[in-house]
Amino acid sequence: MKPADYWRQSKKWSSYLFKEGVVVQSTFQYVVPSAQEHYAPYSFLVLSVANETIEVMGVPGEKFQAGDRVRLVLRRTAVISTSEPISYGLKAEKI
């Protein structure tokens, strides 16, 4: 992700951080990009949070199903080289 894209997306995170929502749809990712290999397998989720629909990664190792209650937290989203900024993003964890 380019720095400008990261900056634009991160401006919305504070409005979602620690909010609770419901899983609308879930898929389990076994084959992932190289930056996410450390977290594989993981769930990719469509959530309903505060009357909005958003897409996030699930906390690694947890399987989600439609109807699960979740809370949004800030976690690392990729493992990258030491010369690049650490990539953080919203992830969902079961309540």
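Everything that follows concerns the structure shown earlier in this document.
It should be emphasised that the depicted structure is a prediction, and the values quoted were computed from it without experimental measurement. (Residues numbered from 1 in each chain as written. Predicted model: local features only at pLDDT ≥ 70, side-chain atom pairs only at ≥ 80, totals over all residues. Heavy atoms only, no water.)

Caption draft 1: Region of the structure containing the nonpolar core. The biggest cluster of nonpolar side chains holds 13 residues, and the ones touching the most others in it are Leu45, Leu47, Ile54, Val56, Leu72 and Ala92. Within the residue set of this core, elements represented by two or more residues are helix H1 (3–16), strand S2 (42–49), strand S3 (52–58), strand S4 (69–76) and strand S5 (88–94). Each residue touching Ile54, except ones within four places of it in the same chain, is listed here: Tyr16, Leu45, Val46, Leu47, Val49 and Leu72. (Core = buried A, V, L, I, M, F, W, Y, C linked by side-chain atoms within 4.5 Å. Buried < 20%, exposed > 50% of the residue type's maximum accessible area, 1.4 Å probe, protein only. Helix = DSSP H or I, 4+ residues; strand = E, 2+ residues; numbered from the N terminus. Contact = heavy atoms within 4.5 Å.)

Caption draft 2: A look at the packing of aromatic side chains. A complete count under the given rule lists one aromatic pair for this structure. Plain terms: the ring middles of Phe28 and Tyr30 are 5.1 Å apart, the flat faces sit at 75° to each other, and that makes the pair edge-to-face. A relative accessible area of 22% means that Phe28 is categorised as partly exposed. Positioned over the ring face of Phe64 is Lys94, at 5.6 Å from the centre of the ring. (Phe/Tyr/Trp six-rings, centres within 6.5 Å; stacked < 30°, edge-to-face > 60°. Lys NZ or Arg CZ within 6 Å of the ring centre and 35° of its normal.)

Caption draft 3: The pairing of strand S1 (residues 20–29), seen in detail. In the sheet, S1 pairs with S4 via three bridges, with the strands oriented antiparallel. Note on S4: the bridge partner recorded for Glu20 is Arg71. Pairing geometry for S1 and S2, over seven bridges, is antiparallel. If you follow Thr27 over to S2, its bridge partner there is Phe44. (Pairing = 2+ DSSP bridges.)

Caption draft 4: How the structure looks around the side chain of Lys91. Of note, Lys91 is situated in strand S5. Glu93 provides the closest opposite charge to the buried, unpaired Lys91, separated from it by 10 Å. Residue contacts for Lys91: discarding those within four places in its chain leaves Tyr39, Met57, Gly58, Pro60, Arg71, Leu72, Val73, Arg75, Arg76 and Thr77. (Lys, Arg positive; Asp, Glu negative; His and termini not counted. Salt bridge = Lys/Arg side-chain N within 4 Å of Asp/Glu carboxyl O.)

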